[in-house]
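# Structural characterization, general
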Amino acid sequence: MDSFLTARINLGKVFRADSPDFFLLLGLTIVLTIMGLLMVLSASSVDSFLQNGQFFGAFGRQAAFAAIGLPVMMVLSQLPLVFWRKWALAILVIGSIAQLLVFTPLGYESGGNRNWINIAGFTAQPSEFLKLAIVIWLGVALPVSIRRNGAANWKVLLTLVPALIPIGLVLLGGDLGTVIIMGMITIGAIFFAGVKLRIILIPVALGAAMVGVMAVTSPNRMARIFSFLSENCIDYTNSCWQPLHGKWALAGGGIFGVGLGNSKAKWSWLPAADNDYIFAIIGEELGLIGAALVLVLFVLLAVAFTRIIKKANDPMVRIVTGGIMVWIVGQAFVNIGVVLGVFPVLGVPLPLLSSGGTALIASLLAIGVVLSFTRAPSTFK
């Protein structure tokens, strides 16, 4: 009986928060994760059966990663600010070393990108964890640099050098989509650090030039760009296949959708139906109402992040929370924009919803870091 009461007391401590923002952010994260599991179950069932004869293979893996990520997120939510300040550089170095593994025999290439490792049948994408490592490092290093050089001095950008190294490693593997998201995170962190706009324009211009060079030097990327710019895409069986079938799936859902599990596009018509294009399956099965619900949930997630940023008086809290908001919410709208045809195909998943264990855990860990900020009353105004 005593042990039971102790367990109840300890559990109460885990969920005791000094700010309602904790529960808002936690609740939205859990809702999106559960919705993601349901949609992965539906979108992946056909491909899972064709690949290994099991309808629930991809769903089982995703559920296992969620079962790992959610408790770890809660553990991270208990950590004090001093932990992140102390270990920021070590986390960045460890993440960079893990990214180097993709260039060893453990690494392998998929879709023209060498950005994955395989250890004893377990696959992972180290660059997902690098996103978190970069934003934590910038949250610690940028305030120090601003105090030393001022927010209007270009020397504040020297802080970016350690962060540019892991970004370069990802770019070396050819994953331009992930690099663009990392660039967005970096620019977002600089913005929330209070750096002057004219200084922010320097890395923005350099980043845009680099993306342009990487695009024009890759025939595959140029084909996707031309198919995106073409009013009537003629390369139907290659570069136009995925974006066209994604739009058709969305259109087929109408207002109310065809019903959960009743998608036609997932029957080998739409590549990456449970991953990069899961929003198309959501639109087809749950209709305009379901697609709008996803948009509302991410807008509310942005509101939760913004509330934390506005209340924070610690620059590290503002920078890290802002960078993570740009990562998760920004990447969500980039993914949705690709499915809607607003952007060319970039190959980035929909955070918390798409299948992919590494991406799911990395997103949950990032949210766990922000949750830890809400438990430190001294950091708020």
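Just so it is clear, the structure is predicted and the values come from calculations on it, not from any experiment.

## Brief notes about the overall build of the protein
Of regular secondary structure, the protein possesses 13 helices and three strands. The C-alpha radius of gyration computed for the protein amounts to 21 Å, which stays within 12% of the reference 21 Å derived for 381 residues, consistent with globular compactness. For the protein, the spread of C-alpha atoms along the three principal axes comes to 60 × 55 × 45 Å. Buried residues in the protein amount to 50% of all 381 residues. Across the protein, contacts joining residues at least 24 apart in sequence account for 72% of those joining residues at least 6 apart. Averaging the positions of the 24 positive and the 14 negative side-chain charges in the protein gives two centres separated by 15 Å.

## Observations regarding the packing of helix α11 (residues 278–311) against helix α12 (residues 315–340)
In contact at an axis separation of 10 Å, α11 and α12 are set at 165° when each is read in the N-to-C sense. The orientation of α11 with respect to α12, classified from their angle, is roughly antiparallel. Here α11 and α12 pass one another in a crossing that is left-handed. Split into classes, the residues belonging to the contact of α11 with α12 amount to 21 nonpolar, four polar and one charged.

## Description of a nonpolar patch on the surface
Nonpolar side chains collect at one region of the surface, where W154, L158, V161, I165, I202 and L206 lie side by side and expose about 610 Å² of accessible area between them. For the nonpolar patch, the secondary-structure elements that each account for two or more residues are α6 (161–172) and α8 (197–216). Within the element layout of this structure, W154 appears in the loop between α5 (126–149) and α6.

## Thoughts on the environment of Q242
Among the structural elements, Q242 can be located in helix α10 (residues 241–253). Take Q242: its relative accessible area is 18%, and that puts it in the buried class. With 30 residues separating them in the primary sequence, Q242 and A272 have C-alpha atoms 8.6 Å apart. Here Q242 is in contact with L270, P271, A272, Y277 and V345, once residues within four sequence places are set aside.

## Some points on the nonpolar core
Soluble globular proteins: nonpolar side chains tend toward being buried together. The biggest cluster of nonpolar side chains holds 77 residues, and the ones touching the most others in it are L25, L132, F298, L301, F305, I324 and W327. For this core, the element with the most residues is α11, which contributes 15 residues. Every residue in contact with I324, bar those within four places of it in the chain, is listed here: L132, V135, F305, A366 and V370.

## A few points about the pairing of strand β1 (residues 107–110)
The side chains of a regular strand alternate between both faces of the sheet. Pairing of β1 with strand β2 (residues 113–119), which is carried by four bridges, proceeds in the antiparallel orientation. Bridged to S110 within β2 is N113. Linkage of β1 to β2, two consecutive antiparallel strands, is achieved through a turn of two residues, within which G111 is found at a positive phi near 65°.

## Structural notes on the environment of T374
Mapped onto the elements of the fold, T374 is located in helix α13 (residues 357–374). Given a relative accessible area of 1%, T374 falls into the buried group. When the C-alpha positions of T374 and L25 are compared, they lie 9.8 Å apart, and in sequence the two are 349 residues distant.

## Quick word on the pattern of salt bridges
Within this structure, the stated rule accounts for five salt bridges. A salt bridge links K311 to D21; the shortest N-O distance between them is 3.0 Å. Placement of K311 in helix α11 and of D21 in helix α2 (residues 20–52) is noted, with a sequence separation of 290 residues between them. You can call K311 partly exposed: its relative accessible area is 32%. What makes D21 buried here is its relative accessible area of 1%. One salt bridge connects K266 with E285, and the closest N-O pair in it is separated by 3.7 Å. One end of the pair, K266, is in the loop between α10 and α11; the other, E285, is in helix α11, and 19 residues separate them in sequence. Assigned by exposure class, K266 and E285 land together as buried. Each of D21, R307 and K311 takes part in a single network of salt bridges with overlapping partners.

## Quick word on the confidence of the model for the protein
For the protein, per-residue confidence averages 88 on the pLDDT scale, and 92% of positions sit at 70 or higher. Note that pLDDT drops below 50 for residues 1–9; the model gives that stretch zero contacts with residues more than four away or on any other chain.

## What to know about the packing of α12 against α13
The contact between α12 and α13 brings their axes to 10 Å, and the two run at 150°. On the basis of the axis angle, α12 is roughly antiparallel to α13. In the packing of α12 onto α13, the handedness of the crossing is left-handed. For the pair α12 and α13, contact is made by M316, V317, V320, T321, I324, W327 and I328 and by A362, S363, A366, I367, V369, V370 and F373, respectively. Each residue belonging to the contact of α12 with α13 can be placed in one class, and the counts come to twelve nonpolar, two polar and no charged.

## A look at the sheet that holds strand β3 (residues 122–124)
Taken in spatial order, the three strands line up as β1-β2-β3 in an open sheet, and their pairing is antiparallel. At either end of the open sheet lies a strand with only one pairing partner, and these are β1 and β3. Geometrically, the sheet is characterised by an average inter-axis angle of 40° between neighbouring strands, direction not taken into account.

Reading guide: rules and limits
Residues numbered from 1 in each chain as written. Predicted model: local features only at pLDDT ≥ 70, side-chain atom pairs only at ≥ 80, totals over all residues. Heavy atoms only, no water. Helix = DSSP H or I, 4+ residues; strand = E, 2+ residues; numbered from the N terminus. Rg over C-alpha atoms; globule rule 2.2 N^0.38 Å. Buried < 20%, exposed > 50% of the residue type's maximum accessible area, 1.4 Å probe, protein only. Contact = heavy atoms within 4.5 Å. Lys, Arg positive; Asp, Glu negative; His and termini not counted. Charge placed at Lys NZ, Arg CZ, Asp CG, Glu CD. Axes fitted to C-alpha atoms, helices over the stretch in contact; angles between N-to-C directions. Parallel < 35°, antiparallel > 145°, perpendicular 65-115°, else oblique. Left-handed = near helix turned anticlockwise from the far one by under 90°. Nonpolar A, V, L, I, M, F, W, Y, C, P; charged D, E, K, R; others polar. Patch = residues over 30% accessible without salt bridge, like charges linked within 9 Å, V, L, I, M, F, W, Y side chains within 5 Å. Areas by Shrake-Rupley, 256 points an atom, 1.4 Å probe, with all protein chains shown as cover. Salt bridge = Lys/Arg side-chain N within 4 Å of Asp/Glu carboxyl O. Core = buried A, V, L, I, M, F, W, Y, C linked by side-chain atoms within 4.5 Å. Pairing = 2+ DSSP bridges. pLDDT = per-residue confidence, 0-100.

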